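# Topology and contacts: notes
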Amino acid sequence: MHSETDDPGKRAGATGRLTIDLSALARNYTKLCSLVTPARAAAVVKANAYGLGVERVAPTLCAKGCRHFFVAQFSEAQKLRPLLANDAQIFVLNGLQPGDEIACAESAIVPVINSLRQWQRWSAIAKYLKRTLPAVVQFDTGMSRLGIPAEECGALAAELSAQSNVEVLFIMSHLASADEADNQQNDDQSVAMERIADQFPGFDICFANSGGIFLGKPYHGVLARPGIALYGGAPTAGEPNPMEPVVSLEVAVVQTRTVPAGAKVGYAGAYVAEKETRLATVAAGYADGLPRSLSGRGAVCCMETRLPITGRVSMDSITVDITALPEGTLSLGSFVEVLGPHQSLEDVARDAGTISYEILTSLGDRYARHYR
Ligand SMILES: *Cc1c(COP(=O)(O)O)cnc(C)c1O
């Protein structure tokens, strides 16, 4: 782990090496495809492919046969369009902000319609352009976040049966608790979705996120929308993670020291050494995506040894207790593991009191990124 100077991920002077395993990503995609077959699997690549780098992630999945890509914002869709084959479709989950419709129609990007207002604007643009424009309609089945609420379904049905230049490719909804297999909300949303399917017969259904895929067939519809599972995150809380890790992160040691009992460590002296302690200062902090909530809770690893974070996470560094290591193991230029075989994404998320999604999407851009 130390001074691997021939490692292509070690950019000169880089203090963090973020490795993204594109072949593991591709295997995760293939696995999800086989779980949902005969339905198909899309890829959710919003937020720069959950922080992993959409320029590399999206073409990798496209090469594996993925033809449906979801982003959250129209600006993300515009960035994604040139990265994909022409027959790959891009869907904007949040739908369009007023004023983006013409650009969207011209760039062959498909908006998700979440409200009657978005429907009416998209339909008006289609008439103005004298074209039929594609759309996906999202229904709210109990999350109260995005989508047509139950009480507006009648009004939408009227819009659909009226002469309209909008072609609905499929209908969708989103699960709020899919990572909890036993949560009653999954059933409730599934029942609500069946009711909507009865009210809008003939439309294909897109329902499951990563967790939803593992809830089983009734949640698959014709198209699943996994995000986190592609990137190696656990789709179901509290169960062994069936996905392959995609991201690993090593960070450089800047300095080591031995402090006597009673020494204060880091901001506000939040940690006080109980005995003589060997410390290493490691070159990543909250500005690099190590949440400040890891203060006094998280750890890094050196081989099998867990090195607890002492005191507060700083902006650009953390201090870890290396007393458990043989003296001289770590020094300036050594690297320690933040994410890897000895500490998973889920471990770090748990220590930080957050979820894997937030850890991934916060990964800093000061790391040297290496795609494998
Ligand atoms: C983010 C998102 C997904 C992907 O969810 P994961 O839990 O990461 O699989 C799917 N659908 C919608 C609507 C989303 O916002």
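Conventions and cut-offs
Residues numbered from 1 in each chain as written. Predicted model: local features only at pLDDT ≥ 70, side-chain atom pairs only at ≥ 80, totals over all residues. Heavy atoms only, no water. Near = heavy atom within 4 Å. Polar contact = N/O pair within 3.5 Å; in protein donor to acceptor, adjacent residues only side chain to side chain. Nonpolar A, V, L, I, M, F, W, Y, C, P; charged D, E, K, R; others polar. Domains from an automatic or database assignment. Contact = heavy atoms within 4.5 Å. Buried area = accessible area lost by both parts, 1.4 Å probe. Salt bridge = Lys/Arg side-chain N within 4 Å of Asp/Glu carboxyl O. Phe/Tyr/Trp six-rings, centres within 6.5 Å; stacked < 30°, edge-to-face > 60°. Helix = DSSP H or I, 4+ residues; strand = E, 2+ residues; numbered from the N terminus. Buried < 20%, exposed > 50% of the residue type's maximum accessible area, 1.4 Å probe, protein only.

Neighbouring residues of the ligand: 13 residues in total, closest K46, Y50, S210, I228 and Y357. H174 places a side-chain nitrogen or oxygen 3.3 Å from a nitrogen atom of the ligand. Considering only residue class, the shell around the ligand consists of six nonpolar, four polar and three charged.

Partitioning the chain into domains gives domain 1 (22–224) and domain 2 (247–371). Each of domain 1 and domain 2 has a C-alpha centre, and these two points are 38 Å apart. In this assembly, seven residues from domain 1 lie in contact with six residues from domain 2. Between domain 1 and domain 2, the buried area comes to about 700 Å², and carbon and sulfur atoms account for 66% of it. When the area that domain 1 buries against domain 2 is broken down by residue, the three leading residues are Y50, G51 and L52, summing to 64%. Here domain 1 is connected to domain 2 by zero salt bridges.

A word on the packing of aromatic side chains. With the rule as written, the count across this model stands at seven aromatic pairs. Measuring from centroid to centroid gives 4.8 Å for Y50 and Y231, while their planes differ by 40°, and the two rings are tilted. Residue Y50 is found in helix α2 (residues 46–50), and its partner Y231 is found in the loop between β10 (223–224) and β11 (247–259); the two are separated by 181 residues along the sequence. Accessibility assignment for this pair places Y50 and Y231 in one class, buried. Ring centres of F139 and F200 lie 5.0 Å apart, and the angle between their planes is 40°; on these two criteria the pair is classed as tilted. Residue F139 is located in the loop between β7 (133–138) and α7 (153–161), and its partner F200 is located in the loop between α8 (184–199) and β9 (205–206); the two are separated by 61 residues in the primary sequence. The exposure class of F139 is buried, given its relative accessible area of 1%. In this structure F200 comes out as buried when scored by relative accessible area, which is 3%. Within the aromatic cluster, the residues linked to one another by ring pairs are Y50, Y231 and Y357.

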